[in-house]
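Remarks on the overall topology
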Amino acid sequence: MDYRKKTVVASVAGLTLEGMDIMFISFAMSMIIAQFHISMVSGGLISSITNIGMLVGGTIFGILADRYGRVIIFTYSILLFAIGTALTGLATNMEQVYLFRFIAGLGAGGEYGIGMALVAEAWPKDKQGRASSYVSIGAQYGVILAALLSAMILPTWGWRGLFLVGLVPVLFAFIVRKNLNESPVWLEAQNQKQLMSKQAKLKQLFVTPRTSVTTVALAIMATVQIAGYNGLMIWLPSMLQQSQGLSVSNSALWTISTAVGMIAGMLTFGQFMDRFGTKRTYGIFLSASALAVFLYAYASGSTALLLGGAVVGFFSNGMFAGYGALISNYYPIEIRSTATNTIFNFGRALGGLSPILVGYILQHTNVTVAMGYLAVLYCVSLLAMISLKKDKGKQRQIKILTKVESY
C-alpha cells in the first residue's frame with residue numbers, strides 16, 4: 001500500500017471509531033437517563049460537552065501537530081480518545097460522565113483535524129475532494145458499527161459494557177504509529193524552516209468586509225450541519241423507541257438504514273459538485289433536507305421509517321463530504337487550514353448544543369415540533385449559502401512543493 005492510501009485508511013479508521021463513539025451515546029442515552037435519574041435536557045448535555053471537547057482538542061492538537069509532527073500527535077489523540085471513552089463506562093455519577101466525555105472529545109477533535117491534514121497533504125489537488133469524501137464516509141461506518149455493537153452488547157452487558165469497547169482504538173493507535181510515516185509536506189516545511197514563519201492568523205478570516213461575511217456564513221452552515229446531524233442521530237433512535245414502540249434492535253436497523261443513505265448521499269454529493277458546482281449542489285441538498293426532515297415527522301410503519309430515514313440521511317448528511325472543499329475554496333492557501341479548522345470546529349461546538357434544545361423540545365412538546373425545528377435550521381443554512389461570494393482581491397496562491405511520490 002502506498003503512502004497516499006495509508007493516509008486514507010488511517011483517517012477513515014480514525015473517523016470510524018469517532019463515529020462509533022458518538023453513536024454509543026445515542027443508543028445508551030435511555031439507559032443513562034434511567035440510571036442517573038436525569039432529564040432529557042441533561043442527557044443532551046452529554047453530547048454537547050463532547051463537542052466542546054472536540055473544539056478545544058482540535059485547537060490544541062492542531063497546534064501540537066504543526067510543531068511536533070502529524071503522525072505522533074495523531075497517535076496521542078487516538079489514545080486520549082480511547083481512554084475517555086473507556087472511562088465513561090466506569091462513571092459512577094453524571095459529573096464523571098461529563099468529564100470523561102470531555103476527555104474523549106479532546107482526543108476526537110484532534111484526531112479528525114490531523115487525519116484530514118494528512119490526507120490533504122498526501123493527495124494532489126485534483127484528487128483531494130475524492131479522498132476527503134472517502135474519509136468523511138468513515139463516520140458512517142462508525143454509525144453502522146455502533147448500531148451492530150449496541151444490538152449485541154446493550155441487552156446483555158448494558159451501557160457500561162458498550163463504552164468499554166472504546167479500548168479498541170489503543171490497538172489502532174499502535175498500528176498507525178508503526179506503519180504510517182510522517183507527512184512529507186510537514187517534513188519539507190520543517191527542513192526549510194517555513195512552518196512557524198508561515199503561520200496564519202485568525203484575523204485574516206475577517207481581513208475585509210466580504211471575507212468577514214463569508215466567514216460568518218460558512219460558520220452558520222457548519223453549525224447547522226453539526227446541529228442537524230446531532231439532533232437527528234443522537235435523539236431519533238430514542239424518539240422512535242418511544243413514539244413507534246421500536247426495540248433497541250429495530251432502532252439499530254433504522255440507524256443502519258439512515259447511515260447507508262448518508263454514505264450514498266456523500267458519494268452523490270461529490271459527483272454533483274463536479275457537475276453542477278458547489279453553490280447549486282448545496283442549494284439542492286439544503287432544500288431537500290428541510291423538506292425531507294419535516295415530512296419525516298409524519299412517517300409511520302416500519303417500511304416508511306426505514307426508507308424515510310435513508311432519504312433524510314442522504315440529503316442531510318450527504319453535504320458533510322463537501323465542507324472541506326467548500327471552505328477551502330473561499331480562502332487563499334496560506335490560511336486554508338486555519339479557516340477549515342476554526343470554522344468547522346466552531347460549528348461543532350455551537351451545533352453540538354443542539355441535542356440540549358432538541359431534548360427540551362421533546363420533553364415539552366412532541367416529535368413533530370422537534371423535526372420542524374431541524375427543518376428551519378436547513379432553511380437558515382440555505383440563506384447563508386446564498387450570501388457566499390469570493391473576495392477575488394484576496395485570493396492569493398502559494399505553491400508548496402512536495403515529494404509525496406517518493407513515499
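Calculation notes
- Residues numbered from 1 in each chain as written.
- Predicted model: local features only at pLDDT ≥ 70, side-chain atom pairs only at ≥ 80, totals over all residues.
- Heavy atoms only, no water.
- Helix = DSSP H or I, 4+ residues; strand = E, 2+ residues; numbered from the N terminus.
- Buried < 20%, exposed > 50% of the residue type's maximum accessible area, 1.4 Å probe, protein only.
- Contact = heavy atoms within 4.5 Å.
- Areas by Shrake-Rupley, 256 points an atom, 1.4 Å probe, with all protein chains shown as cover.
- Expected span 1.5 Å × (residues − 1).
- Polar contact = N/O pair within 3.5 Å; in protein donor to acceptor, adjacent residues only side chain to side chain.
- Phe/Tyr/Trp six-rings, centres within 6.5 Å; stacked < 30°, edge-to-face > 60°.
- Patch = residues over 30% accessible without salt bridge, like charges linked within 9 Å, V, L, I, M, F, W, Y side chains within 5 Å.
- Salt bridge = Lys/Arg side-chain N within 4 Å of Asp/Glu carboxyl O.
- Axes fitted to C-alpha atoms, helices over the stretch in contact; angles between N-to-C directions.
- Parallel < 35°, antiparallel > 145°, perpendicular 65-115°, else oblique.
- Left-handed = near helix turned anticlockwise from the far one by under 90°.
- pLDDT = per-residue confidence, 0-100.
- Arc of directions from axis to C-beta.
- Core = buried A, V, L, I, M, F, W, Y, C linked by side-chain atoms within 4.5 Å.
- Nonpolar A, V, L, I, M, F, W, Y, C, P; charged D, E, K, R; others polar.

**Considerations on the overall build of the chain**
When helices and strands are tallied, the chain shows 15 helices and zero strands. Counting all 407 residues of the chain, 56% fall into the buried class. Across the chain, contacts joining residues at least 24 apart in sequence account for 85% of those joining residues at least 6 apart. As displayed, the chain offers around 17,300 Å² of accessible surface, 65% of which is attributable to carbon and sulfur atoms.

**Some words on helix 4 (residues 94–122)**
A rise of 1.5 Å per residue sets the reference length of helix 4, with its 29 residues, at 42 Å; its end C-alpha atoms lie 42 Å apart and thus fit the reference within 8%. Of all 29 residues in helix 4, 22 are buried; the element is thus mostly enclosed. The backbone nitrogen of Glu 95 has a side-chain oxygen 3.2 Å away, supplied by the residue at the start of helix 4, namely Asn 93.

**Thoughts on the packing of aromatic side chains**
Each pair of aromatic rings is reported with the distance of its centres and the angle of its planes. For the coordinates displayed, the defined rule picks out 14 aromatic pairs. Relative to Trp 159, the ring of Phe 36 lies with its centre 6.0 Å away and its plane at 65°, an arrangement referred to as edge-to-face. Within this pair, whereas Phe 36 is found in helix 1 (residues 3–36), its partner Trp 159 is found in helix 5 (residues 125–164), the two being separated by 123 residues in sequence. In this structure Trp 159 comes out as buried when scored by relative accessible area, which is 4%.

**A look at a nonpolar patch on the surface**
The grouping of Ile 52, Val 56, Ile 60, Phe 346, Leu 350 and Leu 353 at the surface amounts to a nonpolar patch, some 470 Å² of accessible area in total. Sorting the residues of the nonpolar patch by element identifies helix 2 (40–68) and helix 13 (336–351) as the ones contributing at least two each. When residues of the nonpolar patch are assigned to their parent elements, the largest contribution, three residues, is made by helix 2.

**Regarding the packing of helix 3 (residues 70–88) against helix 4**
A pair of packed helices can be characterised by two numbers: the angle between their axes and the separation between those axes. Contact geometry of helix 3 with helix 4 gives a least axis separation of 7 Å together with a crossing angle of 150°. As the angle between them shows, helix 3 and helix 4 are arranged roughly antiparallel. Like other packed secondary-structure pairs, helix 3 and helix 4 cross with a definite hand, here left-handed.

**Some remarks on the confidence of the model for the chain**
Confidence in the prediction for the chain averages 80 pLDDT; 85% of positions are at 70 or higher. Low pLDDT, under 50, characterises residues 394–407; the stretch is placed with 32 contacts to residues that sit more than four places away or in other chains.

**Regarding the side chain of Thr 214**
Along the chain, Thr 214 turns up in helix 8 (residues 209–243). Among the residues examined, Thr 214 registers a relative accessible area of 4% and is labelled buried. Filtering out sequence-adjacent residues up to four positions away, Thr 214 remains in contact with Tyr 330, Tyr 331, Leu 388 and Lys 389.

**Considering the pattern of salt bridges**
A full pass over the atoms with the stated rule returns two salt bridges. Close ionic contact of Asp 21 with Arg 101 constitutes a salt bridge, the shortest N to O distance being 2.5 Å. With Asp 21 in helix 1 and Arg 101 in helix 4, this pair connects stretches of sequence that are 80 residues apart. The burial state of Asp 21 is the same as that of Arg 101; both residues are buried.

**Considerations on helix 14 (residues 354–364)**
An α-helical turn contains 3.6 residues, so a residue and the one three or four places further along point in the same direction. When we look at burial in helix 14, the residues that qualify are Ser 354, Pro 355, Val 358, Gly 359, Ile 361 and Leu 362. Each buried residue of helix 14 sits inside an arc of 160° when the element is viewed along its axis, so together they form one side.

**Concerning the nonpolar core**
Among the nonpolar cores identified, the biggest contains 113 residues, and Leu 218, Met 221 and Tyr 282 are the most heavily contacted of them. By residue number, the principal contributor to this core is helix 1, which donates 17 residues. Dropping the residues within four chain positions of it, Tyr 282 is found in contact with Met 221, Phe 269, Met 319, Gly 322, Tyr 323, Leu 326 and Met 385.

**Points about the packing of helix 1 against helix 4**
Relative orientation of the contacting elements helix 1 and helix 4 amounts to 160°, with a least axis distance of 9 Å. Classed by the angle they form, the pair helix 1 and helix 4 counts as roughly antiparallel. Between helix 1 and helix 4 the crossing geometry is left-handed. Contacts between helix 1 and helix 4 involve Tyr 3, Arg 4, Thr 7, Val 8, Ser 11, Gly 14, Leu 15, Glu 18, Asp 21, Ile 25, Ile 32 and Phe 36 on the former and, on the latter, Met 94, Val 97, Arg 101, Ala 108, Glu 111, Tyr 112, Gly 115, Met 116, Leu 118, Val 119 and Ala 122. Partitioning the contact of helix 1 with helix 4 into residue classes produces 14 nonpolar, four polar and five charged.

**Topic: the environment of Arg 348**
Topologically, Arg 348 is positioned in helix 13. Judged by relative accessible area, Arg 348 falls into the buried class, the value being 6%. Note: C-alpha distance between Arg 348 and Asn 51 (297 residues apart in sequence) is 5.8 Å. There is a polar contact of 2.6 Å between the side chain of Arg 348 and the side chain of Glu 18.

**Section: the side chain of Ser 257**
Along the chain, the position of Ser 257 falls in helix 9 (residues 248–276). Residue Ser 257 is classed as buried on the basis of its relative accessible area, which comes to 17%. At 2.8 Å, the side chain of Ser 257 and the backbone oxygen of Leu 306 are in polar contact.

**Some thoughts on the environment of Pro 355**
Looking at where Pro 355 falls in the secondary structure, it is placed in helix 14. Overall, Pro 355 belongs to the buried group, its relative accessible area being 0%. Along the chain, Pro 355 and Ser 47 lie 308 residues apart, while their C-alpha atoms are 6.9 Å from each other.

**Considering unusual backbone geometry**
Residues other than glycine seldom take positive phi values, yet His 37 does so here, at roughly 55°. Within the element layout of this structure, His 37 appears in the loop between helix 1 and helix 2.

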